[in-house]
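Chain by chain, the residues run as shown.
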Amino acid sequence: KAGVTQTPRYLIKTRGQQVTLSCSPISGHRSVSWYQQTPGQGLQFLFEYFSETQRNKGNFPGRFSGRQFSNSRSEMNVSTLELGDSALYLCASSLGDTTGGETQYFGPGTRLLVL
Amino acid sequence: AQTVTQSQPEMSVQEAETVTLSCTYDTSESDYYLFWYKQPPSRQMILVIRQEAYKQQNATENRFSVNFQKAAKSFSLKISDSQLGDAAMYFCAILQGGSEKLVFGKGTKLTVNP
């Protein structure tokens, strides 16, 4: 079974621009979660989507948004980029069973550099 | 709110030796799950081991095992017969039941010396 895939793997943007990252989950997984990893803040939860609905949200400004499609693929968008948005963005998928506790499997990440 | 603390920023071990990575956590929930993930230089986050809080038996996966002390809120990872490929950042994480939000510790960088 193919793992979680993320595109693109690397991105360079300038301040003020916007960016869209894509994540394709493991086949059969319906939940997709996004995390931001920086040297200073570590790994932080952005949001989680299940059946095209945002089910959980972390403490990030509204510039960070996402969506999920009917095939469970998810996109994350960051508008009006700031230097501090430079990070590794990780996507993870799980079955999404409503009882929770499902193991999340991670993609290789998208490294975003904002200049 | 849940928190995870990894008190060892860096650890080193000789190849074929055993090393233990520490993790403590705090949660007010009774339904939760604990994980260790490994992140090698490639940055791919790889699941090492998982423990359900309601299970008293410590989880094991080949050379990897945990010491889960629920009352002390401690969840350490033991790596036996360390291999060069074990060199990576190791993250401890907690997941509340009914949630998909993983809360991670700051990580421990493990070096394996030949």
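The structure contained in this document is the topic of the report that follows. Model, not experiment: these values are computed from the prediction. (Residues numbered from 1 in each chain as written. Chains lettered and ligands numbered in written order. Predicted model: local features only at pLDDT ≥ 70, side-chain atom pairs only at ≥ 80, totals over all residues. Heavy atoms only, no water.)

**Structural notes on the pairing of strand β8 (residues 64-69) of chain B**
Residue and element names in this part refer to chain B. By the bridge criterion, 2 bridges tie strand β7 (residues 60-61) to β8 in an arrangement that is antiparallel. Bridged to Thr 60 within β8 is Ser 65. Here β7 folds back onto β8 in antiparallel fashion, the turn holding 2 residues, of which Asn 62 has a positive phi close to 55°. (Pairing = 2+ DSSP bridges. Helix = DSSP H or I, 4+ residues; strand = E, 2+ residues; numbered from the N terminus.)

**Re the sheet that holds strand β3 (residues 19-24) of chain A**
All names here are of chain A. Taken together, the 4 strands give an open sheet; going across it, the order is β1-β3-β8-β7, and neighbouring strands pair in antiparallel fashion. Edge positions in the sheet fall to β1 (5-7) and β7 (64-68), since each has one partner strand and no second. Strand after strand, the sheet turns through a mean of 20° between neighbouring axes, direction not considered. The pairing of β3 with strand β8 (residues 74-78) spans 5 bridges and is classified as antiparallel. Paired with Ser 22 across the two strands is Glu 75, which belongs to β8. (Axes fitted to C-alpha atoms, helices over the stretch in contact; angles between N-to-C directions.)

**A look at the environment of Thr 108 of chain B**
Residues and elements named next belong to chain B. Inspection of the secondary structure puts Thr 108 in strand β12 (residues 108-113). In this structure the C-alpha to C-alpha distance between Thr 108 and Phe 91, which are 17 residues apart in sequence, comes to 6.6 Å. When residues no more than four places from it in sequence are discounted, the contact partners of Thr 108 are Gln 6, Gln 8, Pro 9, Glu 10, Met 11, Leu 21, Ala 88, Met 89 and Tyr 90. Only 3.5 Å separates the side chain of Thr 108 from the side chain of Gln 6, close enough to count as a polar contact. (Contact = heavy atoms within 4.5 Å. Polar contact = N/O pair within 3.5 Å; in protein donor to acceptor, adjacent residues only side chain to side chain.)

**Section: the packing of aromatic side chains**
The relative placement of two aromatic rings is captured by the distance of their centres and the angle of their planes. Residue and element names in this part refer to chain A. Considering all chains together, one arrives at 13 aromatic pairs over all chains under this definition. Consider the rings of Tyr 35 and Phe 45, whose centres lie 5.6 Å apart with planes at 70°: the pair is edge-to-face. Of the two residues, Tyr 35 is situated in strand β4 (residues 31-38) and Phe 45 in strand β5 (residues 42-50); the sequence distance between them amounts to 10 residues. For the pair shown, Tyr 35 and Phe 45 are each scored as buried. (Phe/Tyr/Trp six-rings, centres within 6.5 Å; stacked < 30°, edge-to-face > 60°. Buried < 20%, exposed > 50% of the residue type's maximum accessible area, 1.4 Å probe, protein only.)

**Some words on the state of the cysteines**
Residue and element names in this part refer to chain A. Here the structure, examined in full by the defined rule, presents 2 disulfides over all chains. Shown here is the disulfide that connects Cys 23 with Cys 91, its sulfur atoms set 1.7 Å apart. Handedness here is read from the sign of the S-S torsion; for Cys 23 and Cys 91, about -50°, the answer is left-handed. Of the two residues, Cys 23 is situated in strand β3 and Cys 91 in strand β9 (residues 87-94); the sequence distance between them amounts to 68 residues. (Disulfide = S-S within 2.5 Å.)

**Considerations on the nonpolar core**
Of all hydrophobic cores here, the largest spans 26 residues; its most connected members are Tyr 25, Trp 36, Phe 75, Leu 77 and Tyr 90 of chain B. Looking at this core, the elements that each hand over two or more residues are β3 (19-21), β5 (32-39), β6 (46-52), β8, β9 (74-79), β10 (88-96) and β12 of chain B. The residues touching Tyr 25 of chain B, leaving out its near neighbours within four places in the chain, are Thr 3, Val 4, Tyr 32, Leu 34, Phe 68, Gln 69, Lys 70, Lys 73, Ser 74, Phe 75 and Ile 94 of chain B. Of all hydrophobic cores here, the second largest spans 21 residues; its members include Leu 21, Leu 46, Leu 112 and Val 114 of chain A. (Core = buried A, V, L, I, M, F, W, Y, C linked by side-chain atoms within 4.5 Å.)

**Examining the interface of chain A and chain B**
Counting residues at the interface gives 29 residues for chain A and 19 residues for chain B. Summed over both partners, the interface of chain A with chain B comes to about 1800 Å²; 49% of that surface belongs to carbon and sulfur atoms. A per-residue breakdown of the area chain A buries against chain B is headed by Leu 43, Gly 101 and Phe 106 of chain A, which together make up 29% of the total. Its salt-bridge partner being Glu 100 of chain B, residue Arg 55 of chain A comes within 3.6 Å of it at the nearest N-O pair. Put simply, chain A and chain B have 10 residue pairs in polar contact (both at pLDDT 80 or more) between them. The set of elements that each furnish at least two residues to the side of chain A that touches chain B consists of β4, β5, β6 (53-57), β9 and β10 (105-106) of chain A. Its residues placed into classes, the side of chain A that touches chain B shows 8 nonpolar, 16 polar and 5 charged. (Buried area = accessible area lost by both parts, 1.4 Å probe. Salt bridge = Lys/Arg side-chain N within 4 Å of Asp/Glu carboxyl O. Nonpolar A, V, L, I, M, F, W, Y, C, P; charged D, E, K, R; others polar.)

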